[in-house]
Amino acid sequence: MTGDATGQQGIRVREPLIFEKSRPGRRATAQAPAAAAEHALPAAFLRDDTPVLPEVSELQVVRHFTRLSQQNFSIDTHFYPLGSCTMKYNPRACNTLAMLPGFLDRHPLAPAEFGQGFLACMYELQEMLKAVTGMKAVSLTPMAGAQGEFAGVAMIRAYHAARGEAHRNEIIVPDAAHGTNPATATMCGCVVKELPTRDDGDVDLDALRRAVGPNTAGIMLTNPSTLGVFERHIREVAATVHDAGGLLYYDGANLNAILGKVLPGDMGFDVIHMNLHKTFSTPHGGGGPGSGAVGVGQRLAPFLPVPVVGREERDGKPFYRWLTEEDLPQTIGPLSAFMGNAGVLLRAYVYMRMLGREGMRRVAEFATLNANYLAKRLAEEGFTLAFPERRASHEFIVTLKREAKTVGLTAMDLAKALLDRGFHAPTTYFPLLVPECLLIEPTETETRETLDRFVDAMVAIAREAESDIERVKAAPRSTPVRRLDDVQAARRLDLAWRAPPAG
Amino acid sequence: MTGDATGQQGIRVREPLIFEKSRPGRRATAQAPAAAAEHALPAAFLRDDTPVLPEVSELQVVRHFTRLSQQNFSIDTHFYPLGSCTMKYNPRACNTLAMLPGFLDRHPLAPAEFGQGFLACMYELQEMLKAVTGMKAVSLTPMAGAQGEFAGVAMIRAYHAARGEAHRNEIIVPDAAHGTNPATATMCGCVVKELPTRDDGDVDLDALRRAVGPNTAGIMLTNPSTLGVFERHIREVAATVHDAGGLLYYDGANLNAILGKVLPGDMGFDVIHMNLHKTFSTPHGGGGPGSGAVGVGQRLAPFLPVPVVGREERDGKPFYRWLTEEDLPQTIGPLSAFMGNAGVLLRAYVYMRMLGREGMRRVAEFATLNANYLAKRLAEEGFTLAFPERRASHEFIVTLKREAKTVGLTAMDLAKALLDRGFHAPTTYFPLLVPECLLIEPTETETRETLDRFVDAMVAIAREAESDIERVKAAPRSTPVRRLDDVQAARRLDLAWRAPPAG
Amino acid sequence: MPFIPHTGDDVAAMLATIGVPDIDTLFDEIPRDLRVDGIPGVPEALSEMEIARLMHERAAQDAGMLSFLGAGAYAHHVPAVVWEIATRGEFYSAYTPYQAEASQGTLQTIYEYQSMMTALTGLDVSNASLYDGASALAEAALMAVRANRSVDSTRVLLAAGVNPRYRQVAQAIAGHQGLTFERLPLDAAHGVTDLDGLDEGGEPPVAVVVQQPSFFGTLEPMDALTDWAHRRGALVIAVVNPTSLAILKPPGAWGQKGADIACGEGQPLGIPLSSGGPYFGFMTCRQALVRQMPGRIVGRTTDVDGTPGYTLTLQAREQHIRRSKATSNICTNQGLMVTAATIYLSLVGAEGLARVASTSVARTRELAAMLTAVPGVRRRFDGPHFHEITLELDRPVAPVLSGLARAGILGGLDLSRTFPELGNALLVCATETKTEGDLRRYAEALAEAMRT
Amino acid sequence: MPFIPHTGDDVAAMLATIGVPDIDTLFDEIPRDLRVDGIPGVPEALSEMEIARLMHERAAQDAGMLSFLGAGAYAHHVPAVVWEIATRGEFYSAYTPYQAEASQGTLQTIYEYQSMMTALTGLDVSNASLYDGASALAEAALMAVRANRSVDSTRVLLAAGVNPRYRQVAQAIAGHQGLTFERLPLDAAHGVTDLDGLDEGGEPPVAVVVQQPSFFGTLEPMDALTDWAHRRGALVIAVVNPTSLAILKPPGAWGQKGADIACGEGQPLGIPLSSGGPYFGFMTCRQALVRQMPGRIVGRTTDVDGTPGYTLTLQAREQHIRRSKATSNICTNQGLMVTAATIYLSLVGAEGLARVASTSVARTRELAAMLTAVPGVRRRFDGPHFHEITLELDRPVAPVLSGLARAGILGGLDLSRTFPELGNALLVCATETKTEGDLRRYAEALAEAMRT
Ligand SMILES: Cc1ncc(COP(=O)(O)O)c(C=O)c1O
Ligand SMILES: Cc1ncc(COP(=O)(O)O)c(C=O)c1O
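The rules behind each value
Residues numbered from 1 in each chain as written. Chains lettered and ligands numbered in written order. Predicted model: local features only at pLDDT ≥ 70, side-chain atom pairs only at ≥ 80, totals over all residues. Heavy atoms only, no water. Contact = heavy atoms within 4.5 Å. Buried area = accessible area lost by both parts, 1.4 Å probe. Salt bridge = Lys/Arg side-chain N within 4 Å of Asp/Glu carboxyl O. Polar contact = N/O pair within 3.5 Å; in protein donor to acceptor, adjacent residues only side chain to side chain. Helix = DSSP H or I, 4+ residues; strand = E, 2+ residues; numbered from the N terminus. Nonpolar A, V, L, I, M, F, W, Y, C, P; charged D, E, K, R; others polar. Near = heavy atom within 4 Å. Areas by Shrake-Rupley, 256 points an atom, 1.4 Å probe, with all protein chains shown as cover. Pairing = 2+ DSSP bridges. Axes fitted to C-alpha atoms, helices over the stretch in contact; angles between N-to-C directions. Domains from an automatic or database assignment. Buried < 20%, exposed > 50% of the residue type's maximum accessible area, 1.4 Å probe, protein only.

*Asks:* Describe in detail the interface of chain C and chain B, supporting the description with residues and values.
*Replies:* With 14 residues of chain C at the contact, the number on the chain B side is 19 residues. For the pair chain C and chain B, the two sides together bury roughly 1300 Å², of which 57% comes from carbon and sulfur. Sorting the residues of chain C by area buried against chain B places Phe 3, Glu 48 and Glu 84 of chain C first, and these three jointly supply 31% of that buried surface. On the surface where chain C and chain B come into contact, there are 2 salt bridges. Note that Arg 26 of chain B is salt-bridged to Asp 10 of chain C, the shortest N-O span being 3.4 Å. There are 8 residue pairs in polar contact (both at pLDDT 80 or more) connecting chain C and chain B. Looking at the side of chain C that touches chain B, the elements that each hand over two or more residues are α2 (48–61) and α3 (80–86) of chain C. The greatest single-element share of the side of chain C that touches chain B, amounting to 3 residues, is contributed by α3 of chain C. Here the residues of the side of chain C that touches chain B sort into 7 nonpolar, 3 polar and 4 charged.

Written out as C-alpha cells, the structure reads:
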C-alpha cells in the first residue's frame, strides 16, 4: 500500500501535565537574569505568595511541548478538509521571512522613519487587497474575521448615523450564515433579522423583500455561501438592499472560491472583510492569530478603522506612515492597542507576492476543481450531496441524513472514524440547517491522489457502518484519547490545574 | 500515571517513499527560477535522460518529511541513554544563533576582513578548548571524532618523522577501544597492537610494558574508558609509553565525564580530540555532522592541521585571520575543502559560553551523579554491573550474561522492549569484551524522575522475561516497524529506489 | 503554479470525472458579466528566492535602533525554544481544536496556559485568549455589564492611568452597546488615581477599570481602589502586565474581595514586538462569572476508556452555538501566541519571571537616575515605579527625540500630545534586555541632545 | 545550573542512594593530585539573552557583501522548508540510526537520498555521506586502491582542473597509505586536460581523478578521458557538482563504461555557505564496488510482519565491526546535511534543479560578457563554461579585489598564487541568486577599480 492513510501504531507516549513534571527549585537557568536584582518596591504592592508555575528544566520544556505537538493533526501532517476554514498549505517562507530579526524587533511605536521596510509591505498589501476585492480602500487592523465583521457593521452604522439615519439598526443575516455574523450584529447594537434559504441554496428573494425596510442597516452575506454554492441572484439581492437604503456586507471567509474570478465590489458589496488566515494562507496556529482586513467602497472609506498606511513623497522617494484619527476624523476608531496582527499581515504579504497576479485566479480555479471532483466522486460512491443540482464552490456539503436513519451513522461517527484512517474530519453540523451535515473543503493545495484516498476512506467507513455500526461508533481508536465526555467537561468544570494539597 | 513511559497508539500513519508520491510534471514552483534560462552548452556535455527525482508539491514535501521525522526517537522526544554518545540536551539557542543570516551567508573564501564576527567566535572557542583540556594549541578543523583521531595519529607520525623516527609505526590500542581507534591507526599507515583489559577495567600494565618498543608510535586511550571507568594508572601508562619514545593520544569522546575535574594535558596526553557533538552538545542530526577538534601539547603544535585561527593587533584592535600552510609549514595538511564544520563550531561556542567556567565542572559532576545513581538503582533491582567494585564515570555497563543464560533475555531483546516503553535503548554489544553488554549513559540533563522511570521499565521487562520471554522477544510492537530482517537487508541488497518499468 | 500540485493529466482526468470540458465551466453559476479576467493590480509572481531577498532588505532597513519604548509593548528576552517549538507544523498549521481527539496537543497546552494565567492573576478561571490587551478590556467591560446584575447601568469608570489607547478601543467596541467610559481623577504629583477626588455620587458605575502598573509606570493603591469600587456596587476590572505579577500583588488579592476580572496584554510573555502584533489578550475572572466570559475555554474530562483528556467546553457561550445571543462574536483568537506564552512561562517559571520583573524595575530605576542627572530632565511623578517612568523635560519633547534618533536611539514615547496636562512628558522604559552600557549610551546621547 | 535539572533534594536523595557523602567522592578514583579546581580560562557564564546579543552583533558584522565567490562553495537559493524541517527536534537531536525501529524517519530519508544521488550520478549505489567533497575524494582514492585488483599500484593521476585544495586534502589523508597524486597536463588555451599530452607510459595508474565542471569552470572531455583511463587499467573517479548533473552528462554515462566512482561536495543542494561547513561529501559507485565503499549505507528490508522498513546494512565494512580492517575510520558523518539535501532535491526536482543549473550558467555568461567589456579584462580560457569562469586581468588581482571590496563586492578568487602559470587570473561565479542589477553593479565597480 503506497497510500498515506493507514492508521498505525506509533512511538508516541502519553504526556502528563507540565505541572506534574515540576519539582521545587528546578529552573531553566539560562533563560532569566543570573541574579535577581533588587527591585526595592514597597511591600504593600507585592504579592505574598509565589504563583504556581511549573519548575522544570529546558529539556523538559522542549520534550513536553514537542511531544504535545505530535498529538495534533495539522495541515503539515494530515489532509484537513475542514469546511469554511480553508486549510491549505501555509508556505514556510511566509513564516521565516516574517520572523526576520529586523521585523521582530521593531517596536510598534517606533517612528515611521524606522519602519519603512515594514510599512512598504503593509502599503503594498493594502493595494493588492483592493485589487482582489474591487474595493476602494483597505484597513489591515482587524485581528480576525469576527473583528473584521465588527469593523464592517460599525462602519455601516457610522455611515447611516452620519447621514442622520442612526435609527437604521436592523441587520439581515441568512440562516446559513456563520455564527459570527449575528453575534457581530449584536455587538454593534443591531437587531438581527434572519433570512431563510431556499432548497436550491440561494437566498429567498421574496423573504428578503419583505425583510428590508426603513430600519434596514444592511445585510451580511457570504458568497459563495456557507452551503458551498454561489448566490446566483446577487445582483437582485444588492438592488433590493440598496433600494431600501441599506448596505451590503461581504463575509470574505469564502473568498478562496472566487479569487480572481469575480470581485465582491462588482457584485455590489459596500464592505468586505477578508480572512487572511484562510484565503491568504497565514497559519491557523491551533486557533489563531488571524487577520480580518476590511475593504470598503467609496462611501465607507471615511469610516475605516485606524490605523491605515498612507504613502507620500519625501525627497522624491515614497514615504509611508500611519494615518490616524487626525487623518480620518470619521473613523470608527482603533480596534487594537497598536495596528493589528502585523506579523500575520507580513505572512499574507509574502504569500500574495509569491502567488502573483496569475496565482490569484488559480487559487479559485483549483480549489473549485478539487471540490467539484471530490463531490462528484463521493456522489458516485453513494453519498448524498446537499445540493446535487448545483456547482460546488470551493466546498460542498454531504448529508448523512439517510445513513443516520438506516444504519445509525451520524456525521460525528464518520468524523471520528476518519481520524483513525489518517484524515482530519470535515466540518460537522454546520450549517445547522442541513441535517447530519459534513462541510468539506479540500483546498487547491491537495493532490488528486489524496482526494481519491479520502473517498476510499469515506466508502470504507460507510461499508463498515452497514456491517458493524458499533465498530464505527467506537472510533477513534488510534488517537491519544478516544471520544471525550463533553457533558462531564461542562458539568464538572475543571479549567485549571491546582496543586494537590500538601502532605 | 503521570510518567512519560506508557507506550501508546498514535495518530501516525505509514509513510510511502517520496518517489511513490511523484507524478510526472508536478513541481514546487516557487522554489526554482520561473523560467529555464538558455544555457547554450554543447550537446556533447549534456545528459540525454532526466534524472529520476521526485516530482511533488511543496506541501507534499513538508508533509512527507514532517511525518518521517515523527518516526524517530530523539533527545527532544525521548530519554536516549546511548552509551558513548552523550545524548544530552542540545540547547535550541545554539541552533538559532548559528543560523543567523550573517553567519549562514558568509562564503568560506570571503577575506578575513569580512569575517571578524565569525573568526572571533572561532578564536575564543580555540582558547576555551585549550583551557578545558590543558593543551597548548587547538585546531578546529577535523569534522568528526574519527577525523580528529586521524589528525592526532598523523601528527604523532609527523613528529616522529621530523625526528628521524619515521619507522615508529605501531599504535597501541586497548581491546575495549572504540572501532574508530584501530581503524584510524590503519588509515595512518600504522600497525595496531591490541592491549588487553584487566578484570577491574583498567589497562593491563604488564602487557603494556611488553607492547612498547622501538617501533612504538603511541597509544590511543579513552579515559574514562569505554567501559565506563577511569584508568587509575594513567600516570604509569603515560610514563611507560613516553619512556619508550611514544606519544599518548586521548580519545575525547568521554570528556563529559571529567570536564573541569581533570585535564587530559595533566594526565600526560600529548594530543586529544574532542567530540564537540558529545561534550559540547552540538546535535547528532541523525548521524552527523559533528566536530572533532584537536588539542596538542607543545611538541605537536607545529603539526596541527590547517587552518587555525590566529589573532593579531591591527590599528590597536584584535584582528583574526586563518593561519595556513605558510604559517605552519610542518602542518599535516588541510583535512577539508575549507575549515571544517563551521556551523557546528558556532553551536559549540554558544554552548560553552552559556555554561561558562562553573558550568564546565557541573557537566562532569551531574553526568557522573546520574550515572552512579542509575547504576546503583539497577544493581539494587538485581541487574549485574560489569564493574561493580568501580565508580561509574558518566556511563556504566550492565551485562545480561546471567539473564541470557537463565531466561534467554539478550541485550537486543531488552533494547527493543525499552522502545515500547518510550525509552531509547542503551548502546548494545559494545564494548564487545563484555557479554550481552548494555552501555548506559544518562547524561547530566536528565531528571532523577526519568532515571527512576527507566529503572521501572528495566525491571518490568526483566520480570516479563521471566514469565513470558516470547512476549519480550516480540518487541517492539509500538514502533512504525517491528524487528527488521538485517540478514535479508545485507543479502538482497536494495539500496536505492528504482522506477518500476513502465506499463 | 506555486503550491498547486495538479498536473495536466490530473486536470484532464478530474474534469472528465466531473463531466465538464474545462475549469471555467465550473464557474458558470456566476453571472457572466460579473466575471473578471485577471487582477492587473497585483504584480507578477515572485519566486521564493526573490521575495526572500526583498524581505531581507526590508527587514534590514528597519533594524538597528536601541529602543527605550514601552507603553504597552515590552522588549524582553524571548528564549529560542519558544518559537522553535511554537512554529512546529503541528502547532502552526492546526485549526481551532474542534475535533478534540485530533487536537490534544493544542488543547492540553491551552489547559496549561489557563492554569498559569489563573495562578498569575490569582483568579479562578481563564479563557484561551482574546485578540490583544485593548480589545480584551472592551470585552471585559461588556462582560461586566452582563455579569453585574446588581447595578442597572452602562457607566464604566477608568482610572486615569489606564492606557489611553485601551480606552479608545473600549469605546470604539463597547460604545455600540451603550457603554460609556469616564476618567477618574489623577493625583498629578504621584501619577496615580486621586483617592480623595473619587466621586461618591452620580449614577452607580457598573464597572471600574484600574491598571497596574499604570500607563505612567506608577503603582496604584489597588486595595483602596478595589474596595471603593465594590462599595459602589461596581465590578472591578484589573488591567495588568503579566510580567509584573511575578512580584506584584495579583488582582485576585486586591482589597477585601479581589478584582472580579483581570485582563491585559500577553505580549511580554515571549512574544516578539513585531510592530504591534500578533500579541494576545488574556482574561481571567472569578468562578461565578465564567458563564459570561467571552472566548474559548478548555476543560479537562475523560474519554470512553476513562483516560483524561482535554476539550473545548462551555461552548454555549459562543457565537457558533448561541449566535446573536453569544457573549462575544470572537471566533479565531490568538492561539499560537498562547502556545508561545505557555512555553515561555514553563521556561522561566515563577523565579525566572520574578527576576525578569525585578531586573526591569532596577534597570528603569538606574536609567531614571542617569537621565535625571542631565540638566533639564526630571521625574514627573514621585513614588515607586515599575519598569517605566515618566520624565519631564524643560523643552518640547519631539525635537529631543529626533536628536536621540540621529544617535540611533529611540528614546521613549512623547506624552505631550496625549496628556498635555503633564507638560513636556516623556515615557521611558528599560527592561532586563538593557545593559549598563545601553543606559549610559542613552544618557550621553540625551545630554548631547539637550545641549543643542 | 543551565541545562541541569537537579534540585538540592534530588542531589541529596541520589547521594544517599549511592551511599556517598558528596558528589566529589564520585571522582575518588582519579588520582587526587591530578584533579583541578575549576577552569579559569573559560569566561563566566552568559545567559541566553547575553549570548544572543553578542552573536547577533557578530553575525551583523559579517553580513552585507555582494559575493561572486564560488570555487567549491556556491550561493544558491535555500528554500525555507529545508531548514524548518531539518531542524525539527526529531531529526536534529537523534543519533545515528543504530536502533532501526526507533529511527525509521532518518533511515527512510537516507534511503531516499541514496536513490536521488544514484539517479543524479547515473551510478548504482550511494553511501549515506562523507565529511565533505575534499575528504570524499581522499576516500574515493583509497577505495579505488582497494577495489582495483588489476593494477598493483598506488599512483593516482589527477586532472589539472581538480580543485587544488582537494588534491592537498587527498594527499594529507591518503598519502599515509602510500598513495601518490600526480597532475595531468593542462591545455592552457582551453583550461581542460590536454588529451594529446596524456602520458601512455610509466607505472600504470590505479585511478584517474577528473572533475566536471573543472575548478576553472570549464567542461572536460569526459568521454575521452574516461576511456583513456580505463584503457590504462585505472578506475575513474569523477568529482562532480551535483547541481550540474541536472543537465550535464552523469559520470555513469561517461565514455564506454562510465566512471567507477563519483564523489563531490553536496553543499549546493540546500546547504548554506556558512563559512565552509557543515557541508557533506557524497559518493556513489558501481554495484560491483559496494563492498569497498566507506561510510554508512541504508538498505530496504522487511520486519517480522513483512512490513517494509529501512536499516543500516553492509556494516561489516565499517570500523565498529571490522576495526583495523574497515574500509575507513569514518563513524559520525554529515547526517543532517543529507536530510536537508533530500528535502532540497524533493522540492526542486529534476526540472527545478535544471533551471537552477541553466540559470546559473546563463548568469555567469552574462557576467563574463559584462566584465570582459571592461578594458584590461579578458577570458582566460576559450570554450564552454559552467557557472564559473576564469578571467585574466592586465594587472595584479589582489589590489583590484580590494577595490571591489570597498564597493561592497567580493569579486571572486585570486588564482595567481595557486596557479602562477595562469597569470593574473581571477575565478568568478554567478548563480541564480544574482540579478541583472547585481551583475551590473559588479561590472561598474570593476570598471571603477580598474580605472584607478
Ligand atoms: C463564513 C465565516 N465567517 C466568519 C468567520 C469568522 O472568522 P474568524 O474566525 O477569523 O473570526 C469564519 C471562520 O470561522 C467563517 O467561516
Ligand atoms: C569512544 C569513541 N571514540 C571515537 C568516536 C568517534 O567519533 P565520531 O563518531 O565523531 O567520528 C566515538 C563516537 O562514536 C566514540 O564513542
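Moving on, there is more to tell.
*Asks:* With reference to specific residues and values, describe the site of ligand 1.
*Replies:* Around ligand 1 sit 16 residues, and of these Ser 84, Gly 145, Asp 251 and Lys 278 of chain A together with Thr 332 of chain C come closest. Around ligand 1 the close residues trace back to chains A and C. Measuring from an oxygen atom of ligand 1, one finds a side-chain N or O atom of Asn 275 of chain A at 3.3 Å. With respect to ligand 1, the side chain of His 277 of chain A contributes an N or O atom lying 2.7 Å from an oxygen atom. Within the complex, 99% of the 380 Å² of free accessible area of ligand 1 lies under protein. Element by element, the count of residues in the shell around ligand 1 is highest for helix α5 (residues 145–162) of chain A, at 3 residues.

*Asks:* Describe the interface of chain A and chain C, listing the residues and the values that go with them.
*Replies:* Contacts between the two partners involve 199 residues from chain A, matched on the other side by 184 residues from chain C. Between chain A and chain C, the buried area comes to about 16300 Å², and carbon and sulfur atoms account for 63% of it. Summed over the shared surface of chain A and chain C, the result is 11 salt bridges. Here Asp 33 of chain C ties to Arg 235 of chain A by a salt bridge, and the two come within 3.1 Å at their closest N and O atoms. Put simply, chain A and chain C have 93 residue pairs in polar contact (both at pLDDT 80 or more) between them.

*Asks:* Describe the sheet that holds strand β3 (residues 191–195) of chain B, listing the residues and the values that go with them.
*Replies:* All names here are of chain B. The strand order across the open sheet built from 7 strands is β1-β7-β6-β5-β4-β2-β3, with neighbouring strands paired in mixed fashion. Both edges of this open sheet fall to β1 (137–139) and β3, since each of them pairs with a single strand only. In this sheet, adjacent strand axes meet at a mean angle of 25 degrees when their direction is disregarded. Direction of pairing for strand β4 (residues 216–222) relative to strand β5 (residues 247–252): parallel, over a ladder of 5 bridges. Within the sheet, the bridge partner assigned to Thr 222 lies in β5 and is Asp 251.

*Asks:* I'd like a rundown of the side chain of Asn 181 of chain A, residues and numbers included.
*Replies:* With respect to the helices and strands, the residue Asn 181 of chain A is situated in helix α6 (residues 180–187). Contacts of Asn 181 of chain A, omitting those with residues within four sequence positions, involve Glu 149, Val 173, Met 220, Thr 222 and Asp 251 of chain A.

*Asks:* Describe the domain arrangement of chain A, listing the residues and the values that go with them.
*Replies:* Accessible area lost when the parts come together is the quantity often used to give the size of an interface. Residues and elements named next belong to chain A. Segmenting chain A into domains produces domain 1 (94–354) and domain 2 (362–488). On a C-alpha basis, the centroid separation for the pair domain 1 and domain 2 is 31 Å. Every contact between the two is made by 24 residues of domain 1 and, on the other side, 19 residues of domain 2. A buried area of about 1600 Å², summed over both sides, lies between domain 1 and domain 2, and 58% of it is on carbon and sulfur atoms. The largest share of the area that domain 1 buries against domain 2 comes from Leu 227, Gly 228 and Asn 256, three residues that together contribute 33% of it. The partner of Arg 390 in a salt bridge is Asp 202, and the shortest N-O contact between them spans 3.1 Å. Our count for the domain 1 to domain 2 interface comes out at 8 residue pairs in polar contact (both at pLDDT 80 or more).

*Asks:* I'd like a rundown of the side chain of Gln 99 of chain D, residues and numbers included.
*Replies:* For Gln 99 of chain D, the location among the structural elements is in the loop between α4 (89–92) and α5 (104–121). Take Gln 99 of chain D: its relative accessible area is 7%, and that puts it in the buried class. With near-sequence residues (within four places) excluded, Gln 99 of chain D lies in contact with Ala 415, Lys 416, Leu 419, His 424, Ala 425, Pro 426 and Thr 428 of chain B.

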